[in-house]
Amino acid sequence: MPRIRAALTAVVTVLASAVPAQAAAAQAVPAQAAAVTQDCTSSRIQETVVNRASAATTFTLTWPGTGTWTARVAAGDSAHFHFTRPSGTAYTLRTTTPGGFDQTDTGTLDCSNALSVRAAMDCGTPHRLRLILANDSPASRTFTVAWPGRPHSPWTVTVPAGSGDDDLYWTVPDGTPYTFDVTSGSWSDTVSGTSGCGAGSGKPGMNAQTVLTTSTAIDGLGKAAKSVRIPALAVSADGTVIATMDARVDGSYDLGGGTNNIQIAMTRSTDNGATFSHPKIIAKAPTTSQGYGDPSLLVDRGTGKIFCFFTYSPKPGVGFNGSTPGDTSATSTTNTHVRYVTSTDDGTTWSTPVDLNPQVREPTWAGMFASSGHGIQLASGRLVQPIVYRDGSGDHASNIYSDDHGASWHNGATAGTGVNESKAIQRSTGRVAQNMRSNSGGDRWYATAQNVTSSFGTSWNSGLIDPGCNGDEISYLRPTTGIPALTGVALHSNNAAPSRTDLTVRVSRDDGASWPHEALIKPGAAGYSTMAVLADDTIATLYEVGDTGGIVFTRATLPWLES
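Residues numbered from 1 in each chain as written. Predicted model: local features only at pLDDT ≥ 70, side-chain atom pairs only at ≥ 80, totals over all residues. Heavy atoms only, no water.

Identification of the chain as exo-alpha-sialidase from Actinomadura darangshiensis is taken from an unreviewed UniProt entry. What the UniProt record of the chain gives under Catalytic activity (unreviewed entry) is the line "Hydrolysis of alpha-(2->3)-, alpha-(2->6)-, alpha-(2->8)- glycosidic linkages of terminal sialic acid residues in oligosaccharides, glycoproteins, glycolipids, colominic acid and synthetic substrates." Its UniProt record, at the heading Sequence similarities (unreviewed entry), says of the chain: "Belongs to the glycosyl hydrolase 33 family." (UniProt positions renumbered as here; feature names shortened; annotations may be inferred.)

Listed below in structure tokens is the structure:
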């Protein structure tokens, strides 16, 4: 489905962010700044305004002949305006504040040649060299791919507007030199290197391999699951990569559906994701009519302990839908529970489950579940795990947290309403941003707070297109022992499309205020995704392909993502 959409309204949003020093220095008023970017995945003109002053201020954006918009921005916060327009739209945006900031930006939204080509390696059996073609222009484009000296070269591929293609691949020995000359109309690019898996110089910048399929017999289950979904990912202090997911034994239903037989499977890697162990079950309910699903991983960098949170459904019919408020006990059979198991040996063995209903479930909540993917540890050492809960006013994103290395857990403040799964990320300013899936789809939503226990501001539309699917946002930090540092570099994964297709990873170097770099890593069908930074500084993405397409692990270099 094309990603280009037209609209006549502007959307104003607010978040906490940091502005790069060079951008601030370029402004007449260093405490305030504005930057205009273009996003061809959604055909949008976006402006970010930043208020680094000690008091709130009002930014006024005027587009002559189109309209005027304002955003009240708190101290240390930012606001986003975005406009969905067709390629070729000229714009003049004047931004002012009462304090004297006055800036005019002019330009033209140009997506006419929003095309890209990247080389990647399939690192299963056999190894394959693959090209990923992306077309974010407003029209279908035909790519011509030439590999000089290669039999049957050149090849042509037609890619619809707002989509991608990865059907071109070659089964060649590792160490094969390649040069691809790729053209489409006036656009051209050349990609060259040497085939092979790994992150070494000259190799393709992304590797991919399937780590679990519906034909893989899982240790502890004794057979394959009919559906594998809901990826979670973490890296221990020693660099061990841990991936968990739902083994939906009898079908693709969610918790509470069908037979309710869902168990938590895990596979792990001790060589930066080059190879993975055979999948095994690490958590299962006492009977097959009870279900464990929606895993989320969280590493305490101070102790090395790894938490795997998941949701417990006590019987068929009791899932997020079907839960009732009232009983907050660990033995309740009328609603879902959040539970966890832990590992102190990098995922080799796992504890018995701990039930958190008595600690975190409120009596007014009906459905409740751990938001799948991962939690985070703040620079203070606090452990944070996102959750979703439902009460009489709707669905809400929130967090639970621990200040004693997981000995006890407490509820944080609600981050948003009308939303579903979310991820928390700590900005370089120390503030926490909640990146949320909207129940209505359309775009990602954000809310920010000083901490997860303080009130979040009004949630707002980020301008990042999303079909209503669980995505991810993480800080670009290498896993180490000790509490995490702060950084303004962030990574974002989601389906940058109106449907669950075209899994895309974006890079921001200004605390998520803008996302100037993006890479399509999976054209076509893809679903939930989660990320982690590996010990060699590459970026791992773990994602599902529908109900039965398997769980895929990729690792990419930062230069590959930003190329």
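Additional details are given in the paragraphs that follow.
### Here we look at the environment of Thr171
Position of Thr171 among the secondary structure elements: in the loop between strand S14 (169–170) and strand S15 (177–184). For Thr171, a relative accessible area of 47% gives the class partly exposed. Residues Thr171 and Arg128, 43 residues apart in the sequence, show an inter-C-alpha distance of 4.6 Å. Each residue touching Thr171, except ones within four places of it in the same chain, is listed here: Pro126, His127 and Arg128. (Helix = DSSP H or I, 4+ residues; strand = E, 2+ residues; numbered from the N terminus. Buried < 20%, exposed > 50% of the residue type's maximum accessible area, 1.4 Å probe, protein only. Contact = heavy atoms within 4.5 Å.)

### Considering the nonpolar core
Across soluble globular proteins, nonpolar side chains have a tendency to be buried as a group. Grouped together as the largest cluster of nonpolar side chains are 24 residues, with contacts concentrated most on Met206, Leu491, Trp560 and Leu561. Elements that contribute at least two residues to this core include exactly strand S10 (128–135), strand S17 (206–212), strand S39 (501–508), strand S40 (517–525), strand S41 (529–533), strand S42 (539–544), strand S43 (551–556) and helix H3 (558–562). The contact partners of Met206, leaving out residues within four places of it in the chain, are Ala119, Ala120, Met121, Ile132, Ile521, Thr554, Arg555, Ala556 and Trp560. One finds Val117, Met121, Leu129 and Trp155 within the second-largest nonpolar core, a separate group that totals 23 residues. (Core = buried A, V, L, I, M, F, W, Y, C linked by side-chain atoms within 4.5 Å.)

### A look at the sheet that holds strand S18 (residues 227–235)
Read across the sheet, 4 strands follow the order S18-S19-S20-S21 without closing on themselves; strand pairing throughout is antiparallel. Edge strands, defined here as strands with exactly one partner in the open sheet, are S18 and strand S21 (280–283). Across the sheet, the axes of successive neighbouring strands diverge by a mean angle of 35°, strand direction being ignored. Across 3 bridges, the pairing between strand S20 (residues 262–269) and S21 is antiparallel. The residue bridging Ile264 from the neighbouring strand is Ala283, located in S21. (Pairing = 2+ DSSP bridges. Axes fitted to C-alpha atoms, helices over the stretch in contact; angles between N-to-C directions.)

### Quick look at the side chain of Arg301
By secondary structure assignment, the location of Arg301 is in the loop between strand S22 (291–299) and strand S23 (306–313). A distance of 2.9 Å separates a polar side-chain atom of Arg301 from the backbone oxygen of Val235. Residues contacting Arg301, with those up to four places away along its chain left out, are Val235, Ser236, Ala237, Gln377, Pro479, Thr480, Thr481, Gly482, Ile483 and Pro484. (Polar contact = N/O pair within 3.5 Å; in protein donor to acceptor, adjacent residues only side chain to side chain.)

### Comments concerning the domain arrangement of the chain
Note on interface size: it is often stated as the accessible area lost on association of the parts. The domains assigned to the chain are domain 1 (34–109), domain 2 (115–195) and domain 3 (206–562). With centres defined by C-alpha atoms, the gap from domain 2 to domain 3 works out at 32 Å. Summed over both partners, the interface of domain 2 with domain 3 buries about 1000 Å², with 51% contributed by carbon and sulfur atoms. Among the residues domain 2 hides against domain 3, the three largest losses belong to Arg118, Cys123 and Ile132. Together they make up 49% of the total. Counting the contacts that link domain 2 with domain 3 gives 0 salt bridges. Counting across the interface, domain 2 meets domain 3 through 7 residue pairs in polar contact (both at pLDDT 80 or more). Looking at the side of domain 2 that touches domain 3, the elements with two or more residues in it are strand S9 (115–122), S10 and strand S13 (163–165). Counting residues per element, the side of domain 2 that touches domain 3 draws most heavily on S9, at 5 residues. Its residues placed into classes, the side of domain 2 that touches domain 3 shows 7 nonpolar, 4 polar and 5 charged. (Domains from an automatic or database assignment. Buried area = accessible area lost by both parts, 1.4 Å probe. Salt bridge = Lys/Arg side-chain N within 4 Å of Asp/Glu carboxyl O. Nonpolar A, V, L, I, M, F, W, Y, C, P; charged D, E, K, R; others polar.)

### A word on the state of the cysteines
Evaluated as defined, the whole model comprises 2 disulfides. One disulfide in the model links Cys40 with Cys111; its S-S distance is 2.1 Å. The sign of the S-S torsion, about -90°, decides the handedness of the disulfide formed by Cys40 and Cys111: left-handed. Here the residue Cys40 occupies a position in the loop between strand S2 (32–39) and strand S3 (44–51), and Cys111 occupies one in the loop between strand S8 (102–108) and S9, the gap between them amounting to 71 residues. We note that Cys40, like Cys111, is buried. Across the chain, the way the bonded cysteines pair up, counted in sequence order, is 1-2, 3-4. (Disulfide = S-S within 2.5 Å.)

### Comments concerning the UniProt feature "domain: Sialidase" (unreviewed entry) in the chain
Residues annotated in UniProt with the feature "domain: Sialidase" (unreviewed entry) correspond here to residues 259–536. Across residues 259–536 one finds 1% helix and 46% strand; the C-alpha atoms that close the span lie 42 Å apart.

### A short note on the pattern of salt bridges
If you walk through the whole model with that rule in mind, you get 18 salt bridges. One salt bridge connects Glu518 with Arg506, and the closest N-O pair in it is separated by 3.2 Å. Separated by 12 residues along the polypeptide, Glu518 in strand S40 and Arg506 in strand S39 bring together distant segments of the chain. Under the relative-accessibility criterion, Glu518 is labelled partly exposed at 22%. Residue classification places Arg506 among the buried positions, given a relative accessible area of 0%. Members of the salt-bridge network, linked through shared partners, are Asp39, Arg506 and Glu518.

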